[in-house]
Amino acid sequence: ATHDVVVKTLGANYSAVQIVFFAAVLSFPLVSVILLNDGREASLKPRHPWWVTLRMVMTVITGVSAFYAFSVLPLAQVYVILFSAPLLVTILSIPMLGERVGMHRWAAVVAGLIGVIIVMRPGQAELSAGHLAAIVAAVTSAFASVIVRKIGARERSVVLLLFPMIGNFVATGLALPFVYKPMPIEHLGLMGVIAVFGLVASFLVILAYRAAEAAI
């Protein structure tokens with residue numbers, strides 16, 4: 001939540017592309033520290049390259065879409081839409097993971113999606129690009145989460161952290177020259193806050209998906 005408030009603050013001045021790019025760049029030193037303290041002589045080559053690549057793509061889309069939504073919409077509206085992601089995870093866990101979802105969880109999914117529809121008020125309130133971006137972020141985030149549950153026990157945590165960072169660095173780096181604005185040092189510091197909080201949160205989410213069912 002702190003991460004998202006900082007994104008909202010910076011989004012008033014900078015493109016989502018620029019924020020994602022610098023968050024990725026400032027995350028590399030942190031991952032380097034993790035690698036230096038990892039005594040195992042394991043490779044950084046993914047054991048499931050296609051799943052890791054798909055998750056990387058989903059994560060890049062999620063980051064840019066969510067950061068854009070945070071920058072143009074009130075935080076409460078974005079959160080309501082993003083809160084549909086766990087509901088989508090519950091649905092996706094059936095075909096992708098073979099997990100069983102009971103009636104109480106289906107009831108929660110239906111109630112949650114109805115809540116999202118009520119907040120978005122289709123037909124009454126005009127849907128903006130920010131709303132569509134938040135929906136895209138919820139869908140791609142759900143896919144990325146289910147993939148972590150599917151392969152997380154067999155992939156190194158640092159691999160699952162590193163590849164989305166590389167994807168964000170490359171994808172947003174190509175677009176950065178078109179949107180870049182110079183930043184004062186205090187804004188660069190806030191970019192560092194996003195990097196630290198985003199990396200810690202991502203690591204904890206990976207551990208959570210290893211330990212429990214995706215639906216939970």
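Given the structure is predicted, the values throughout are model-derived calculations rather than measurements.

S.K.: Please clarify how the overall build of the protein should be interpreted in this entry.
M.R.: Secondary structure assignment for the protein yields nine helices and zero strands. Sequence-ordered secondary structure for the protein, helices as α and strands as β, is α-α-α-α-α-α-α-α-α. Across the 216 residues that make up the protein, the buried fraction comes to 41%. Pairs at least 24 residues apart make up 90% of the contacts formed inside the protein by residues separated by at least 6 positions. As presented, the protein carries roughly 11,300 Å² of accessible surface, and 70% of it is formed by carbon and sulfur atoms.

S.K.: How do you make sense of the environment of Leu 10 when you look at a structure like this?
M.R.: With respect to the element layout, Leu 10 can be found in helix H1 (residues 2-11). Assessed through its relative accessible area of 0%, Leu 10 is described here as buried. Separated by 38 residues in the primary sequence, Leu 10 and His 48 place their C-alpha atoms 35 Å from one another. Each residue touching Leu 10, except ones within four places of it in the same chain, is listed here: Ile 19, His 187, Leu 190, Met 191 and Ile 194.

S.K.: Would you explain the packing of helix H2 (residues 16-36) against helix H8 (residues 157-179) in this entry?
M.R.: Packed helices, taken two at a time, are described by the angle their axes make and the gap between the axes. Put simply, H2 and H8 touch, their axes get as near as 8 Å, and they point 145° apart. The two elements H2 and H8 meet at a crossing, and its hand is left-handed. Of H8, the residues touching H2 (which contributes Val 17, Gln 18, Val 20, Phe 21, Ala 24, Val 25, Ser 27, Phe 28, Val 31, Ile 34 and Leu 35) are Val 158, Leu 161, Leu 162, Met 165, Ile 166, Asn 168, Phe 169, Thr 172, Gly 173, Ala 175, Leu 176 and Val 179. Residues that form the contact of H2 with H8 fall into these classes: 18 nonpolar, five polar and no charged.

S.K.: Any chance you could explain the packing of aromatic side chains here in plain terms?
M.R.: Across all of its chains, the model carries six aromatic pairs by this definition. Judged by centre distance (5.6 Å) and plane angle (40°), the ring pair of Tyr 79 and Phe 83 falls under tilted. The class for Phe 83 is exposed, based on a relative accessible area of 56%.

S.K.: Even after reading the chapter, I still don't get a nonpolar patch on the surface, so can you show me in this structure?
M.R.: On the surface, a nonpolar cluster with roughly 560 Å² of combined accessible area is contributed by Leu 30, Val 196, Phe 197, Val 200, Phe 203, Leu 204 and Leu 207. No other element matches helix H9 (residues 185-211), which puts six residues into the nonpolar patch.

S.K.: So what exactly am I meant to see when it comes to the packing of H1 against helix H3 (residues 49-72) here?
M.R.: At a minimum axis separation of 8 Å, H1 and H3 run at an interaxial angle of 65°. Relative to H3, H1 is oriented roughly perpendicular. Crossing of H1 against H3: the hand is right-handed. For the pair H1 and H3, the contacting residues are His 3, Asp 4, Val 7, Lys 8 and Gly 11 in the first and Phe 67, Phe 70, Ser 71 and Val 72 in the second. Split by residue class, the contact of H1 with H3 holds four nonpolar, three polar and two charged.

S.K.: How do you make sense of the nonpolar core when you look at a structure like this?
M.R.: A general tendency of soluble globular proteins is for nonpolar side chains to be buried together. Among the nonpolar cores identified, the biggest contains 29 residues, and Leu 10, Ile 19, Phe 67, Val 78, Met 191 and Ile 194 are the most heavily contacted of them. Those elements that place two or more of their residues in this core are H1, H2, H3, helix H4 (75-82), helix H6 (103-120), helix H7 (129-151) and H9. When residues in this core are grouped by element, the largest group, six residues, is from H2. The next biggest cluster of nonpolar side chains, apart from the first, holds 20 residues, and it includes Leu 160, Leu 161, Leu 162 and Ala 214.

S.K.: Just checking my understanding: could you explain the environment of Gly 130 for this structure?
M.R.: Tracing the sequence through the fold places Gly 130 in helix H7. C-alpha of Gly 130 to C-alpha of Tyr 68: the two residues are 62 residues apart in sequence and 6.7 Å apart in space. If sequence neighbours within four positions are ignored, Gly 130 has contacts with Tyr 68, Ala 69, Val 72 and Leu 73.

S.K.: Could you clarify how one ought to interpret the side chain of His 187 in this entry?
M.R.: You can see His 187 is positioned in helix H9. Since its relative accessible area comes to 19%, His 187 is described here as buried. Residue contacts for His 187: discarding those within four places in its chain leaves Leu 10, Asn 13 and Tyr 14.

S.K.: Please clarify how the confidence of the model for the protein should be interpreted in this entry.
M.R.: Low-pLDDT stretches of the model should not have their predicted coordinates read in fine detail. Overall, the prediction assigns the protein a mean pLDDT of 87, with 95% of residues at 70 or greater. Per-element confidence in the protein is highest for H3, whose mean pLDDT is 94, and lowest for H6, whose mean pLDDT is 80.

Each value, and the rule that gives it
- Starting afresh in each chain, residues are numbered from 1 along the sequence in its written order.
- Predicted model: local features are reported for residues with pLDDT of at least 70 only, side-chain atom pairs are reported and counted for 80 or more only, and whole-chain, interface and lining totals are derived from all residues.
- Side-chain figures throughout are based on the complete set of non-hydrogen atoms in the structure, without hydrogens or water.
- Secondary structure elements follow DSSP: runs of H or I of four or more residues count as helices, runs of E of two or more count as strands, with numbering from the N terminus.
- Exposure categories follow from relative accessible area, calculated using a 1.4 Å probe and restricted to protein chains: below 20% of the type maximum is buried, above 50% is exposed, and the middle band is partly exposed.
- The contact rule is simple, with two residues in contact once any of their heavy atoms fall within 4.5 Å.
- A 1.4 Å probe and the Shrake-Rupley method give the accessible areas. Residues count as covered only by the protein chains that appear here.
- Lines are fitted to the C-alpha atoms to define the axes, a helix being fitted only along its stretch in contact, and any angle between axes, read from their N-to-C directions, falls within 0 to 180 degrees.
- The crossing is said to be left-handed when, going from far helix to near helix, the turn is anticlockwise and less than a right angle, and right-handed when the turn is clockwise.
- Under the convention adopted here, Pro, Cys and the residues Ala, Val, Leu, Ile, Met, Phe, Trp and Tyr are nonpolar, Asp, Glu, Lys and Arg are charged, and Gly plus all remaining residues are polar.
- Between rings of Phe, Tyr and Trp, where Trp is taken as its six-membered ring, a pair exists when centres lie within 6.5 Å; planes separated by under 30 degrees are stacked, by over 60 edge-to-face, and by other angles tilted.
- Residues enter patches when their relative accessible area tops 30% and they take part in no salt bridge; the joining distance is 9 Å for like charges and 5 Å for the nonpolar side chains Val, Leu, Ile, Met, Phe, Trp and Tyr.
- A side-chain nitrogen of Lys or Arg and a carboxyl oxygen of Asp or Glu constitute a salt bridge if their distance falls within 4 Å.
- Oblique is the label for any angle not under 35 degrees, not over 145, and not in the 65 to 115 range, which are roughly parallel, roughly antiparallel and roughly perpendicular in turn.
- We define a nonpolar core as any set of buried Ala, Val, Leu, Ile, Met, Phe, Trp, Tyr and Cys residues linked to one another through side-chain atoms lying within 4.5 Å.
- Per residue, pLDDT measures the predictor's confidence, with a range of 0 to 100.

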